[in-house]
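# Commentary on secondary and tertiary structure
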Amino acid sequence: MTTTTSTGTQAVTTTVTPSAPPAGEGPAARLPLPPARGDLSAELLRFFHREPGASGTADLRALAARAAARADVLRDEDVQLSLFLLYELHYRGLEGVDDALEWDLGLLGVREELEGPFEAAVRALAEVPDVPAGDVAETLFAMAAADGGPSVSAFLQRHASLEQVREFLVHRSIYHLKEADPHTWAVPRLAGGPKAALVEVQADEYGGGRPERMHSALFARTMRAAGLDDSYGRHLPSVPATTLVGTNAMSLFGLHRRLRGAIVGHLAVFEMTSSLPNKAYGNGFRRLGFDADATWFFDEHVQADAVHEQIAGRDLAGALARHEPGLAADVLFGAAACLALDALAGEHQLTSWEQGRSSLLAPWT
């Protein structure tokens, strides 16, 4: 497949090699193991490979405790990659790694050493308002409206080069190629109206039963149109901790029943802050000459999320806080964490581009 895009007066022709099989068909691809980023991830990868002399889980747990004690776990490449790999055991799995390790007690202990400091750091970063449970929905809408984080969408709409647009897609591929999955962990943990509201939102995310319309499949189309490999996890080695931390927070919230309020709040504000940025992303791609097929992902979100924000804010998050007032604070925490971690990632990307350098750890290929 060959795609021609225009950057100002210059046409850019890119040969795209689609992944095989196409998104939505065939078995779920596992995540390829990336290079290590420090002592902990190096030992974790050796453990996964069962290399001679690899550390046992007791030694890994000690390494994890030392790594988690470092100054800034949210930006720590070793910590965030290690957490990402441990969480991936609960998603599609890792290439060449035994699925039985998903519930290995030793590895769960390693994850526990990282999760405590990680959650504490996210809570320290997120600014959570203190409001009555009955006011949660309106507070979420106010938080979304007041979001003043770095505007990657405005930059892409007006200024981004083709190379920067590709970098943007590489960053977003870490979440969007598994879109909806972290939030879906909440489904069996809810009941009644909030559960029905969550399923309504998630059904759209998964294409309403049509695999080619799954949002992850639409994002893969956009990647191919930009000349990028859309294979699951292909670009993990390229993205920094500031990108991984957002998906890791979703996994933390989704995998712990005690944090079900947080994953609901995260989804609610995620939907509330999605429609306008996606309109800007689509406009930015059109500015560079991409066609409607390439912008389908963004255009779909402009329409879908305008509806989703009401369902997620009122029928899901607001209703959950009313039904279980003890969860109201965590609903707002999840929302505040979403905004704060998105700002962290956006600040890194914009600062890098404004300084004329790549926002990636390694070039995409």
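Since the structure is predicted, the reported quantities are computational estimates derived from the model, not experimental observations.

What counts and what doesn't
- Residues numbered from 1 in each chain as written.
- Predicted model: local features only at pLDDT ≥ 70, side-chain atom pairs only at ≥ 80, totals over all residues.
- Heavy atoms only, no water.
- Core = buried A, V, L, I, M, F, W, Y, C linked by side-chain atoms within 4.5 Å.
- Buried < 20%, exposed > 50% of the residue type's maximum accessible area, 1.4 Å probe, protein only.
- Contact = heavy atoms within 4.5 Å.
- Axes fitted to C-alpha atoms, helices over the stretch in contact; angles between N-to-C directions.
- Helix = DSSP H or I, 4+ residues; strand = E, 2+ residues; numbered from the N terminus.
- Parallel < 35°, antiparallel > 145°, perpendicular 65-115°, else oblique.
- Nonpolar A, V, L, I, M, F, W, Y, C, P; charged D, E, K, R; others polar.
- Salt bridge = Lys/Arg side-chain N within 4 Å of Asp/Glu carboxyl O.
- Expected span 1.5 Å × (residues − 1).
- Bend = angle between axes of the 7 residues up to and from the residue.
- Polar contact = N/O pair within 3.5 Å; in protein donor to acceptor, adjacent residues only side chain to side chain.
- Phe/Tyr/Trp six-rings, centres within 6.5 Å; stacked < 30°, edge-to-face > 60°.
- Lys NZ or Arg CZ within 6 Å of the ring centre and 35° of its normal.

Attention now goes to the nonpolar core. Core analysis: the largest hydrophobic core is formed by 109 residues, its most contacted members being F48, L140, L156 and F253. Apart from the residues lying within four places of it in its own chain, the contact partners of F48 are L33, L85, L89, L94, V97, L101 and L107.

This next bit is on the packing of helix α4 (residues 105–125) against helix α15 (residues 328–354). Put simply, α4 and α15 touch, their axes get as near as 9 Å, and they point 85° apart. In terms of orientation, α4 lies roughly perpendicular with respect to α15. In contact with V122, R123 and L125 of α4, α15 contributes D330, F333, A337, A340 and L341. Of the residues contributing to the contact of α4 with α15, the split by class is six nonpolar, no polar and two charged.

Glancing now at unusual backbone geometry. For A180, which is not a glycine, the phi torsion comes out positive at approximately 85°. Residue placement: A180 occurs in the loop between α7 (162–176) and α8 (181–184). On the basis of relative accessibility, which here comes to 1%, the residue A180 falls in the buried class.

Before going further, it helps to spend a moment on the pattern of salt bridges. Summed over all chains, the structure comprises 21 salt bridges. Residues D76 and R70 are paired through a salt bridge, measuring 2.7 Å at the closest nitrogen-oxygen approach. Through salt bridges with shared partners, a single ionic network connects E119, R123, R258 and D330.

This paragraph deals with the side chain of Q202. Relative to the assigned elements, Q202 resides in helix α9 (residues 192–205). Residue Q202 is classed as buried on the basis of its relative accessible area, which comes to 4%.

Every α-helix winds through 3.6 residues per turn, so residues three or four apart in the chain are directed the same way. Look at α4: 30 Å from first C-alpha to last across 21 residues, which is about the 30 Å you get at 1.5 Å a residue. Of all the bends in α4, the greatest, near 25°, is centred on E115, and the proline P117 appears no more than four residues after it. For α4, the complete set of buried residues consists of L107, G109, V110, R111, L114, E115, F118, E119 and V122. The N-cap of α4, judged by a side-chain oxygen 3.0 Å from the amide nitrogen of G106 a few residues on, is D104.

To continue, consider the packing of aromatic side chains. Taken as a whole and assessed by the stated rule, the structure comprises 10 aromatic pairs. On the basis of an interplanar angle of 45° and a centroid distance of 4.7 Å, the ring pair of F168 and Y281 is categorised as tilted. On the criterion of sequence distance, the pair formed by F168 in helix α7 and Y281 in helix α13 (residues 275–287) is long-range, its members being 113 residues apart. On the basis of relative accessible area, F168 is assigned to the buried category, the value being 1%. Summarising the aromatic geometry, the rings of Y175 and F270 are spaced 5.5 Å apart at their centres and angled 70° between planes, so their arrangement reads as edge-to-face. Of this pair, Y175 sits in helix α7 while F270 sits in helix α12 (residues 260–272), and the two are 95 residues apart along the sequence. With a relative accessible area of 8%, Y175 lands in the buried category. Under the relative-accessibility criterion, F270 is labelled buried at 17%. Above the ring of Y91, the side-chain terminus of K178 is found at 3.9 Å from the ring centroid.

The subject of this paragraph is the environment of V128. In this fold, V128 is placed in the loop between α4 and α5 (136–146). Separated by 208 residues in sequence, V128 and A336 place their C-alpha atoms 5.9 Å apart. In contact with V128, other than residues within four places in its own chain, are A329, L332, F333 and A336.

Attention now goes to the side chain of T139. With respect to the helices and strands, T139 occurs in helix α5. A polar atom in the side chain of T139 sits 2.8 Å from the backbone oxygen of D135. Apart from the residues within four sequence positions on either side, T139 is in contact with P129, V131 and L332.

Direction vectors running N to C along α5 and α15 enclose 10°, while the axes themselves pass 11 Å from each other. Between α5 and α15, the angle is such that the two are roughly parallel. Where α5 approaches α15, its residues V136, T139, L140 and M143 are matched on the opposing element by A328, V331, L332, A335, A336 and L339. Here the contact of α5 with α15 is composed, by residue class, of nine nonpolar, one polar and no charged.

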